[in-house]
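Structural characterization, general
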Amino acid sequence: MKKIKVGIIQQSNTADIRVNLMNLAKSIEACAAHGAQLIVLQELHNSLYFCQTENTNLFDLAEPIPGPSTGFYSELAAANKVVLVTSLFEKRAPGLYHNTAVVFDRDGSIAGKYRKMHIPDDPAYYEKFYFTPGDIGFEPIQTSLGKLGVLVCWDQWYPEAARLMALKGAELLIYPTAIGWESSDTDDEKARQLNAWIISQRAHAVANGLPVISVNRVGHEPDPSGQTNGILFWGNSFVAGPQGEFLAQAGNDHPENMVVEIDMERSENVRRWWPFLRDRRIDEYEGLTKRFLD
């Protein structure tokens, strides 16, 4: 397709999963009503971001795939005739869990899934406690709208992940995300963090000649342990074109739905002007498979 309309849903979540699901359903319907053909949700959108603490009881939030949530989103995708990118807490087996993006096609079928590969372990982001690193690789997901290079949050800092998706034919790079500020950071530090996050993803667009869709959550979520002041998720969800140009950007302090048109022909043109894939020195990149070159 030469042009597609993309809906991005930047949501502020509550502790009530049912409320979150109903809000998402309304937002999906609203985006579809405005012509969205592809809709992208934020990371772990069903619940609060539970990785602020390490609590074994929270594994109860996980579900099998397929399971209740995939049934819910399958019906929404089919009813609204959209390709839908979701982000779920997957229970693969007892004691084995993943942070998994599931993509539904316009008929409600599961087009594919991606298990988050890079797992952080930082204060208030204790994801290694909950998630096993992905084991199905960097594989684009074929949909009726094209091949989607779906990655998840912490993956967005790694150019290797974006490159491998591009080399396998991804036509869009998509990042469901949950990232924000800790209140003790200075305003200058907050600005540096936000700008680094935006720059890194726009750079993936430029380096690969592909549009990038990044959907973050927004709003304050308290730390259940009380050890920190919680996370203020910074929103700023955006869509960038294949030269890193902003096509749309949400604010940083409120929920927001946006429908953005992406001209898919621009990727072909940009790659003709800037043939980075042609000029890669693949004969000299062996060191990239090493942890560090001592």
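Residues numbered from 1 in each chain as written. Predicted model: local features only at pLDDT ≥ 70, side-chain atom pairs only at ≥ 80, totals over all residues. Heavy atoms only, no water.

- Going by the annotation in an unreviewed UniProt entry, the name recorded for the chain is Acyltransferase, with Bacteroides xylanisolvens given as the source organism.

What about the sheet that holds strand E12 (residues 231-234)?
- The sheet built from three strands is open, its strands ordered E9-E12-E11 with antiparallel pairing. Only two strands of the sheet have a single neighbouring strand rather than two, namely strand E9 (180-182) and strand E11 (218-221). Averaged over neighbouring strand pairs, the angle between their axes works out to 20° when direction is ignored.
- Bridge count between E9 and E12: three bridges; the pairing is antiparallel. Bridging from a neighbouring strand, Trp-181 pairs with Leu-232 of E12.
- Contacting E9 and E12, helix H4 (residues 187-208) crosses the sheet at an angle of about 155° to E9. (Pairing = 2+ DSSP bridges. Helix = DSSP H or I, 4+ residues; strand = E, 2+ residues; numbered from the N terminus. Axes fitted to C-alpha atoms, helices over the stretch in contact; angles between N-to-C directions. Contact = heavy atoms within 4.5 Å.)

Structural notes on the sheet that holds strand E5 (residues 110-115)
- Taken in spatial order, the six strands make up an open sheet running E5-E4-E3-E2-E1-E15, and their pairing is mixed. Of all the strands in the sheet, the pair left with one neighbour each is E5 and strand E15 (256-263). Here the average twist between neighbouring strands, direction ignored, is 30°.
- Where strand E1 (residues 3-10) and E15 come together, eight bridges link them in antiparallel fashion. In the sheet register, Lys-5 faces E15, and the bridge partner there is Glu-261.

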